[in-house]
Every structure is written in C-alpha cells, then in structure tokens.
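Okay, here's what each chain looks like letter by letter:
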Amino acid sequence: MCGIIGYCSTNSRNARKIVIEGLKKMEYRGYDSWGIGIKAGNSISVEKKVGSISDADQKSELDCNYAIGHTRWATHGKVTEENAHPHLSYNGNICVVHNGIIENYRELKKELQEKNYEFKSDTDTEVIPHLIEEHYRKTNDFQTSVKKASECFRGNYAFIAMCNDFEGLIGVKNGAPLLIGYEKEESFITSDVVAFIERTKKVTYLDDNEMVVLG
Ligand code: GLU
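What you see is a predicted model, and the numbers here were worked out from it, not measured in a lab. (Residues numbered from 1 in each chain as written. Predicted model: local features only at pLDDT ≥ 70, side-chain atom pairs only at ≥ 80, totals over all residues. Heavy atoms only, no water.)

This part covers the nonpolar core. Of all hydrophobic cores here, the largest spans 24 residues; its most connected members are Val-127, Ile-132, Phe-142, Phe-153 and Phe-159. Residue assignment for this core shows that the elements contributing at least two residues are strand E6 (94–100), helix H2 (105–114), helix H3 (127–139), helix H4 (142–150), strand E7 (157–163) and strand E8 (169–174). With five residues, H3 is the single largest residue contributor to this core. Excluding residues that lie within four positions of it along the chain, Val-127 makes contacts with Ile-102, Tyr-105, Leu-108, Lys-109, Leu-112, Phe-119 and Phe-153. The next biggest cluster of nonpolar side chains, apart from the first, holds 20 residues, and it includes Ala-15, Tyr-31, Trp-34 and Ile-36. (Core = buried A, V, L, I, M, F, W, Y, C linked by side-chain atoms within 4.5 Å. Buried < 20%, exposed > 50% of the residue type's maximum accessible area, 1.4 Å probe, protein only. Helix = DSSP H or I, 4+ residues; strand = E, 2+ residues; numbered from the N terminus. Contact = heavy atoms within 4.5 Å.)

Once that is clear, we can look at the pattern of salt bridges. Inspection of the entire model under this criterion finds 15 salt bridges. Across the pair Lys-173 and Asp-208 runs a salt bridge, and its minimum N-O distance is 2.9 Å. In this pair, Lys-173 is assigned in strand E8 and Asp-208 in the loop between strand E11 (203–205) and strand E12 (210–214), connecting sequence segments 35 residues apart. Here Asp-208 falls in the partly exposed class, since its relative accessible area comes to 42%. Salt bridges sharing partners connect three or more residues here, namely Lys-17, Glu-21, Glu-186 and Arg-199. (Salt bridge = Lys/Arg side-chain N within 4 Å of Asp/Glu carboxyl O.)

Inspection of the secondary structure puts Phe-196 in the loop between strand E10 (186–190) and E11. Put simply, Phe-196 and Gly-22 are 174 residues apart on the chain and 6.2 Å apart in space, counted from C-alpha to C-alpha. Discounting chain neighbours no more than four positions away, the residues touching Phe-196 are Leu-179, Ile-180, Gly-181, Phe-188, Thr-190 and Val-203.

This brings us to unusual backbone geometry. Cis geometry is adopted by the peptide bond preceding Pro-86, which originates at His-85 and carries an omega value of 5°. Here Pro-86 is to be found in the loop between strand E4 (66–72) and strand E5 (87–88). The phi dihedral of Asn-116 falls on the positive side, at around 75°, and the residue is not glycine. Turning to its location among the elements, Asn-116 is positioned in the loop between H2 and H3. Not every positive phi belongs to a glycine, and Asn-140 is a case in point at roughly 60°. Note that Asn-140 resides in the loop between H3 and H4. On the basis of relative accessibility, which here comes to 60%, the residue Asn-140 falls in the exposed class.

Right, here's the structure in full:
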C-alpha cells in the first residue's frame, strides 16, 4: 500500500516540508520509492528517489504553498526513479500522484501515443497527467479536464493532481482511500489520516466517484 498526500495553504510557504512530514508518517504502510511535486509561482518541480524518505533534504528553502507527495509500492513498472511518482504531463504543467491501478491504461496509452504524447515511465499512472493535458488543450479548464479524464479510467484508484496555472489541488477517489482535512488557512488530502492528524482534527472521508477541489 502506498500513500499519497497533498497540501495547500493560503499562508504558509512550507508545503514541501509538511508533505515530507506526512509521507514519513505513512512509512509504516510500506514503499519502495518516494517523490514530491511542488508548485512555486507558476512553475512545477519534481524530486523523486528510490529508497527511504529519510534521505530527503529537510533543509531545502524552497518557497511554496502547494505540494503533493507519494510513497510508491510498484504494481506496474520496476522500482526506478523514472517510475516513481509524481508523473508529469507531456508539457510538464500537470503533476499527479496516484495510488492503485488504472486497469485500462494500455488502451489509453496507445491512444495518447497515437496523438504524440511521449511516455517516460512504464507505469499505469502516467496516462493520468497526459489524458488530463489532452482535455485541458480542448477546454482550458483544469477542473473540467480532471473530471473528463477520470470518466475514462477503470480500476481501483485515488489520485491528486496539480496544475501550474490552477490555484489549488484536485483529488479523485474510486476504490482506494482518500480523505481531506482542513483548517482556516490550510487543507490536506491524503490516503491515511495519520499523515496530518497532528495538524487538524477536521476530517472528511470521500466517497467513491467523488472529486474534490482544495485551494
Ligand atoms: N500503479 C502505480 C505504480 O505502479 C501506483 C502504485 C501504488 O499504489 O503505489 O506506480
């Protein structure tokens, strides 16, 4: 079982640190690699590694109020840095962490490759950011694009998506756990309440086929 977490704040610039702390709390679930994606201004950057989250640089001064993170338990593709999450869309503007399995990823990948989307990993996950980008190109609306892409996925999964020009995070749940926590100026989304329970006790568990926008 892997863990996913997203954090947004209207005030704190410590999103990276808070997401790393959350991933550490979920370590007991087991994982083979980890990664985080942060949004600073309009630019998204990703760091990912095979091995222990305790190797993460806690002193990084990166200033950001949105971040997502992942501890992976590989189901599709070997345990490598390329296959670790987050995964980016083709244009690099959409960033996704995912728990579970997209069962129909082969068909979706083939369709996207025919449209010249280039895949960098062997995961099922990578179809998620690419398909969201494909819808975004047509709609120019992140929320609608996540919804439209989600309607195409089969399987048990939960994912969190972030976009360079969207102020917030979007989570989708279908068969894998996903819940949110909130305070006045910050909100959390995660697969396991241990990730943030020390920061808020206001928690809502999502239902299957639910999509939530945090921001
Ligand atoms: N199926 C995805 C992968 O192999 C996600 C696995 C997980 O839940 O950690 O990367």
